[in-house]
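One-letter residues, chain by chain:
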Amino acid sequence: MKKVKLGFVGAGFNGQIGFLENFSKNKNCIILGLAEYRRKLRRKVCKKYNILNQYNSHRDLEKDIKEYDGIVIVTKRNMMPAITYNFLKLGKPILTEKPMAMCTVQANKLLKRSQKYQTQYKVGYNKTYDEGIIKAKQAFDKIIKNKSLGKIVLMRSHRLSGSGYDNKNFYFKTSEKNFLNKPSWPSKPRWLPGKFSKSYEKYLNLYCHNISLLRYFTNEIPKVEKAILSDDKMSIVNLKYKKFNAILETGFFTKHGWDETLEIYFEFGSILIKIPPQHHKNKSASFIINKSLKGSIYKFKSKKSWSFKNQCDAFVNDIKNKKIKINKANDSAKDIELVEKIWKNFLNS
């Protein structure tokens, strides 16, 4: 069977660890080209992964677009949507890191572009490819269908970020400075005061994962009841769904440890999902189903599996099947819209 030929833009830490390494292990694809401004870094990465075509700029890769079946873009956050905008007109399936853009206006601009040129467009929410989360979602859907635990009374997404990186992960680093900063789009919405720029960017980048998982389980966009945001204390957001309420708790206190859970409380039980840092290889989420009426507990512990690897494999299949199953760009745009509503609620209060 013919292998899928991929072109890459960006070879930084996440580009190497989360994407290049995992695509290189997929026997159904070949990494044919890499665009990376840092020459020494580009050469090292291309040598390791046997990448034939080397480009100094994404624009050079664009000229050879007919050679490729799909494009993966993992660059600086302010550059990624601008570069994606250029590639969308070329009609090749695209996978970018999250978030797809820095505000709703940008996201809608990208969506219109993808629709105009009928380009398949996927955003890298890798946690939805976590084996434990997939199994938990299947169990959740069954509970909802059978009404075995009654109605949902509360959902709670909790994340205390620490060091989500595994020291065992090897990637190439050089002394080269990455001064490249064009093309780029603004890193915040126009309405946001400048003093909140870094806080907003950090919140969007880190916690869009939590918001994505809430949407993944509920298939619903909630209303924002109250948002209390802070850089040095726990941020708490109260969300209102049609039939229940939810709490989003987020913070970043230490470089050590990691505490992330998604809890779903029903009338007669609960599901507790414990989520590992996504850059830890071969670690998946585990979960517990507590059936309080029956006094029984079900525990699920997944086999060794890595969400980043599963995500890369899925994109190759998406290209071959000419259809994106999950993490479509239009869903990512909904997540960004909710982040903006959270920040507007915070500013107005």
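Residues numbered from 1 in each chain as written. Predicted model: local features only at pLDDT ≥ 70, side-chain atom pairs only at ≥ 80, totals over all residues. Heavy atoms only, no water.

Structural notes on the overall build of the chain
From N to C terminus, the chain includes nine helices and 14 strands. For the chain, the C-alpha radius of gyration of 20 Å lies close to 20 Å, the compact-globule estimate for 349 residues. A principal-axis box enclosing the C-alpha atoms of the chain has dimensions of 60 × 50 × 40 Å. The proportion of buried residues among the 349 residues of the chain is 54%. (Helix = DSSP H or I, 4+ residues; strand = E, 2+ residues; numbered from the N terminus. Rg over C-alpha atoms; globule rule 2.2 N^0.38 Å. Buried < 20%, exposed > 50% of the residue type's maximum accessible area, 1.4 Å probe, protein only.)

Thoughts on the environment of H280
For H280, the location among the structural elements is in the loop between β12 (269–274) and β13 (286–291). According to the relative accessible area criterion, H280 is buried, its value standing at 17%. Counting along the chain gives 32 residues from H280 to C312, while the straight-line C-alpha distance between them is 16 Å. In this structure H280 touches S163, G164, Y165, D166 and W306, once residues within four positions along its chain are discounted. (Contact = heavy atoms within 4.5 Å.)

Let's talk about the packing of helix α5 (residues 104–116) against helix α9 (residues 329–348)
Running from N to C, α5 and α9 point in directions that differ by 165 degrees, and their axes come no closer than 9 Å. Classified by the angle between their axes, α5 and α9 sit roughly antiparallel to one another. The handedness of the crossing between α5 and α9 comes out as left-handed. Contact with α5, carried on its side by T104, V105, A107 and L111, involves A329, N330, A333, I336, E337 and E340 of α9 and no other residues of that element. (Axes fitted to C-alpha atoms, helices over the stretch in contact; angles between N-to-C directions. Parallel < 35°, antiparallel > 145°, perpendicular 65-115°, else oblique. Left-handed = near helix turned anticlockwise from the far one by under 90°.)

What about α5?
Owing to its 3.6 residues per turn, the α-helix aligns residues three or four sequence positions apart on the same side. Across its 13 residues, α5 extends 18 Å between first and last C-alpha, which sits within 8% of the 18 Å expected from 1.5 Å per residue. Along α5, the residues that are buried comprise T104, Q106, A107, L110, L111, R113 and S114. Those residues of α5 that are buried lie in contact with α4 (80–88), β6 (121–124) and α9. Residue Q118 follows α5 closely and has a positive phi angle near 50 degrees. (Expected span 1.5 Å × (residues − 1).)

Quick notes on the pattern of salt bridges
A complete count under the given rule lists 14 salt bridges for this structure. In this structure, K25 engages E21 in a salt bridge whose closest nitrogen and oxygen atoms are separated by 3.4 Å. Taking the relative accessible area as the measure of exposure, K25 reaches 49% and is therefore partly exposed. A salt bridge links K334 to D331; the shortest N-O distance between them is 3.6 Å. In this pair, K334 and D331 both sit in helix α9, three residues apart, roughly one turn of the helix. The network of salt bridges with common partners includes E21, K25 and K281. (Salt bridge = Lys/Arg side-chain N within 4 Å of Asp/Glu carboxyl O.)

Side note on the pairing of β13
Pairing between β12 and β13: six bridges, direction antiparallel. Pairing of K274 across the sheet is with S286, part of β13. Connecting the antiparallel pair β13 and strand β14 (residues 296–301) is a turn made up of four residues, with G295 showing a positive phi of about 70 degrees. (Pairing = 2+ DSSP bridges.)

Overview of the pairing of strand β11 (residues 259–266)
Counting buried positions along β11 yields six of eight residues, so the element is predominantly enclosed. As defined by bridge partners, strand β7 (residues 152–161) adjoins β11 across eight bridges and the pair is classed as antiparallel. Residue pairing in the sheet places H158 in a bridge with T261 of β11. Between β11 and β12, which follow one another and run antiparallel, lie two residues.

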